Amino acid sequence: MNPSSTKQPQATDLTIHSDDIVAPGKSWDNVIQRGGVLRIIDLHGQQGVDFLCYNAKMTDERYHAPNTIKAAQSIHITNGSVLYSDYANPLMSVISDTTAGRHDTIAGCCSSWSNEMLYGVADVPGCRENFLGALEKYGMGWTDIVPNINFFCKVPVYADGSTADSVFVTGPSTAGDYIELEAQMDVLAVISNCPQINNPCNSGDPTEIQVKVYTPNANG
Ligand SMILES: [Zn+2]
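Everything in this summary refers to the structure shown in the same document. This structure is a prediction, so every number in the text was calculated from the model and none was measured. (Residues numbered from 1 in each chain as written. Predicted model: local features only at pLDDT ≥ 70, side-chain atom pairs only at ≥ 80, totals over all residues. Heavy atoms only, no water.)

Thoughts on the pairing of strand E7 (residues 90–97)
Step number 1: The element E7 is extensively covered by neighbouring structure, given that six of its eight residues are classed as buried.
Step number 2: One ladder, built from three bridges, connects strand E6 (residues 82–84) with E7; its direction is antiparallel. Looking at E7, one finds that Tyr-84 is bridged to Pro-90.
Step number 3: In this antiparallel pair of consecutive strands, E6 and E7, the connection spans five residues, and Ala-88 shows a positive phi of 60°.
Step number 4: Across five bridges, E7 lies against strand E10 (residues 177–183) in antiparallel orientation. Counted as the bridge partner of Asp-97 is Ile-179 from E10. (Buried < 20%, exposed > 50% of the residue type's maximum accessible area, 1.4 Å probe, protein only. Helix = DSSP H or I, 4+ residues; strand = E, 2+ residues; numbered from the N terminus. Pairing = 2+ DSSP bridges.)

Quick look at the side chain of Ser-93
Step number 1: Relative to the assigned elements, Ser-93 resides in strand E7.
Step number 2: A relative accessible area of 12% places Ser-93 in the buried class.
Step number 3: Once residues lying within four places of it in the same chain are set aside, the contact partners of Ser-93 are Ser-81, Val-82, Glu-180, Leu-181, Glu-182 and Gln-184. (Contact = heavy atoms within 4.5 Å.)

Here's the deal with the environment of Ser-203
Step number 1: The residue Ser-203 is located in the loop between strand E11 (187–193) and strand E12 (209–216) in this model.
Step number 2: Taking the C-alpha atoms as reference points, Ser-203 and Asp-50, separated by 153 residues in sequence, lie 15 Å from one another.
Step number 3: Of the polar contacts made by the side chain of Ser-203, one reaches the side chain of Gln-46; its length is 3.3 Å. (Polar contact = N/O pair within 3.5 Å; in protein donor to acceptor, adjacent residues only side chain to side chain.)

Looking at the layout of surface pockets
Step number 1: Roughly 290 Å³ of internal volume is contained in the largest pocket.
Step number 2: Along its surface, the largest pocket is lined by 21 residues, and Ala-107, Leu-118, Tyr-119, Phe-168 and Asn-199 are the ones closest to its centre.
Step number 3: No other element matches helix H2 (residues 112–119), which puts five residues into the lining of the largest pocket.
Step number 4: Of the residues contributing to the lining of the largest pocket, the split by class is eleven nonpolar, eight polar and two charged. (1 Å grid on protein atoms, 1.4 Å probe; cavity = no way out; pocket = protein on both sides within 12 Å on 5 of 7 lines; lining within 4 Å. Points joined across faces, edges and corners; volume = space filled by probe spheres on them. Nonpolar A, V, L, I, M, F, W, Y, C, P; charged D, E, K, R; others polar.)

Below, the structure is given as structure tokens:
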């Protein structure tokens, strides 16, 4: 039985455009039309999901963490948060969030380079490499990757400005938790399902996620 089934709303009022399982270490990408909804389901809990989004019609416009943080007056993404672009336009808005609202905006993605810097492991690719692979098909590359959102990740910042020793601590999500984002313009959404095992962002055991794109039916 799908462990997420008890937490998800019924699908009778939705038109499903895509429904994919993404293994840890794999990427996902899609263009979502304005009004479409992206649902990211943490099937097994405590799984970090790295996320970027762009204006699909002009990808120079993309997610901008500082504008998002300033608008929310918070470094955490949760229900009601709006993801703003570098042009200060709304890209997507969070319409539901079953977690404790601790999605991270500041710690960015892992990469082969940061894995060597932080953990002393060589040639261990991460989310940056996943993003690069996904963006390639849109003619995009290295300079198109900006500081991303880490869904289902907890990055505490203490009163003196310090972080946890491992920066990430174990996330709050449990099996079947999900977040839903509604596209406020046509967006290119890109996900890396994080393979990291050197810090607790995936609680040491990266697992698959489910990614759905749907449109609410007019009479729904
Ligand atoms: Zn990662």
